[in-house]
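Residues per chain are reported as follows:
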Amino acid sequence: MKYESSRGKHHSITAAEAIKMGISPDGGLFVPESIPRLDENQMNAMVSGSYQEKAFYIIRQFLSDFSDDEIKSCINGAYNQDSFDNERIAPLVKLDTGVYIQELWHGPTAAFKDMALQMLPQLLTISAHKTGEKAEIVILVATSGDTGKAALEGFKDVEGTKIIVFYPDEGVSEIQKRQMLTQEGNNVYVAAVSGNFDDAQNGVKRIFSNEEFAARLLQNEQKLSSANSINWGRLLPQIVYYVAAYLELKAARILGEAEPINIVVPTGNFGNILAAYYASRMGVPIKRLICASNANNILTDFVRSGIYDRQRKFEKTISPSMDILISSNLERLLFEVTGHDARRVAAWMEDLKDRGRYEVDTATCDAVQDIFWADFCSDEETIATIRDIWRERSYLLDTHTAVAVNVYHKYRSATGDKTISIIASTASPFKFASSVAQAILEPEEIRGKDEFELLNLLAQYTGVAIPAGLKELDRREIRHHSVCSQQGMEEMVMSFLQLG
Ligand SMILES: *Cc1c(COP(=O)(O)O)cnc(C)c1O
């Protein structure tokens, strides 16, 4: 299995090279040259296996340059009892007739990013070794909150790597911030950037495309790599849980032979829902992929009109991990639905950079609408959804998952489609405790309380256990104090690496 760039200048790249590089030198994203399809027999062979066994079966299709032992060590290193508090790893919970929640947040940081970032360090160090890499790998991350912590946890003390995380000063919750600022490890660096997530992400992209900077690092025997969802090594582990969810419903005979499902995903950078798209291309019968956005509804507009226009106001919402106006992974989808037409994809991305918008042709828009459906929801609707689901179903949603549940209900009303649906739950409700508390508690119960007090109150009131990674967060030592502007990010990296 080889990989190619979505901008067309690089072909026949091994998985190890694609994972090590993270992003293609032409600015494109690495995509498999073809997608392996699992037939009915192969699907059936996986049905009774553990999550880890399913992961092995799926991941090895994409990593033909890795040995079976290497793949197994990546999987066992990621999905084990030390890091996950549920042995099913990504358990399905029934919410309603024909509606299932897939909890993707049983890893160490209580967000779905762990599903990939517990594995990426193993994939990356093996990839570096395979490609004869001598340089130390410096992971550079821009985070809307959850990626940063999950990447720090994944890479902490991993030999041959350093990790630097930039988070937007005004874009993460108190709990997310504290999770990062208390991070332990000998190779971890964290800095706040003034601005929003796109500012931080653009700053990181600029550093990645600065050749002079790369040369300077190389003299120091260091090389940059990415843990953002532009790295194929991030996407690949995410395909697994969608296939696993489908097989679980099949094994339980909830789904009949070849009966399709819908998958609903609260979307930001388009990584998680793209993994579901790849699961469908691998043979999971998916009727609709429902793309749920918050007030930053750029993807809703795109799916409906074929116009991607980022010239709009950036909205700060209570689902901050979806506060994104540049959904990087959409580029991979466009590459797929155009039959790998790198010229067209490169032109659209050029338009996005130069004019802040692009418009795809009708055939491409139709191909997207063939499988995707999109809508969005406001903060008020998010709060109301958390409250309703708690009252009616005694199930506690986080703000991101609530966006997905709300949009799923809109989908049902608009289409009448009763296909069995899986809603991706991307974070523990405790990670966004103040908004969740606001939804289910009375104003006088929460008045004057900080986010950490609300977290405890929420646990008391609901009887739901706080994930280990979020317990007593406010008592841990703050270990990181750096702050910079978008312009100062490069200098910050230099000072972290003592290149000054
Ligand atoms: C990152 C994140 C998302 C968005 O996922 P994408 O892959 O960027 O679309 C949604 N919810 C939570 C809680 C997240 O951390």
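From a predicted model like this one, the values you see are computed outputs, not experimental measurements.

So, how was this worked out
Residues numbered from 1 in each chain as written. Predicted model: local features only at pLDDT ≥ 70, side-chain atom pairs only at ≥ 80, totals over all residues. Heavy atoms only, no water. Helix = DSSP H or I, 4+ residues; strand = E, 2+ residues; numbered from the N terminus. Areas by Shrake-Rupley, 256 points an atom, 1.4 Å probe, with all protein chains shown as cover. Lys, Arg positive; Asp, Glu negative; His and termini not counted. Charge placed at Lys NZ, Arg CZ, Asp CG, Glu CD. Pairing = 2+ DSSP bridges. Axes fitted to C-alpha atoms, helices over the stretch in contact; angles between N-to-C directions. Contact = heavy atoms within 4.5 Å. Near = heavy atom within 4 Å. Polar contact = N/O pair within 3.5 Å; in protein donor to acceptor, adjacent residues only side chain to side chain. Nonpolar A, V, L, I, M, F, W, Y, C, P; charged D, E, K, R; others polar.

Another point: the overall build of the protein. Helix and strand content of the protein: 22 helices and 15 strands. The principal-axis extent of the C-alpha atoms belonging to the protein is close to 60 × 55 × 45 Å. Summed over its atoms, the accessible surface of the protein is roughly 19000 Å², and 44% of this surface lies on carbon and sulfur atoms. Charge-centre separation for the protein: the mean point of 52 positive side chains lies 2 Å from the mean point of 68 negative side chains.

On to the sheet that holds strand β9 (residues 261-266), then. Strands sit in the order β3-β4-β14-β9-β10-β13 across an open sheet of 6 strands; the sheet is mixed. Single-partner strands in this sheet number two, and they are β3 (92-96) and β13 (372-376). Taking each pair of neighbouring strands and ignoring which way they run, the sheet shows an average axis angle of 25 degrees. Relative to β13, helix α13 (residues 298-305) is tilted by about 140 degrees, and along the sheet it contacts β10 (286-293) and β13.

Neighbouring the ligand are 15 residues, the closest being K113, D146, G268, N269 and T426. D146 is positioned such that a nitrogen or oxygen atom in its side chain is 2.4 Å from an oxygen atom of the ligand. T426 places a polar side-chain atom, nitrogen or oxygen, 2.8 Å from a nitrogen atom of the ligand. Isolated, the ligand exposes 390 Å² of accessible area, and the fraction of that covered by the protein chains is 98%. Its residues placed into classes, the shell around the ligand shows 5 nonpolar, 8 polar and 2 charged.

What follows deals with the sheet that holds strand β6 (residues 161-168). With parallel pairing, 5 strands are arranged side by side in an open sheet as β8-β5-β6-β7-β15. Strand pairing shows two members of the sheet lacking a second neighbour, β8 (222-226) and β15 (482-484), which therefore form its edges. Each strand axis lies, on average, 25 degrees off the axis of its neighbour in the sheet, ignoring direction. Its contacts with the sheet place helix α7 (residues 146-155) against β5 (136-142), β6 and β7 (188-193), and it is angled at close to 165 degrees to β6. With respect to the sheet, helix α9 (residues 197-208) is in contact with β5, β6, β7 and β8, its orientation differing from that of β5 by roughly 150 degrees.

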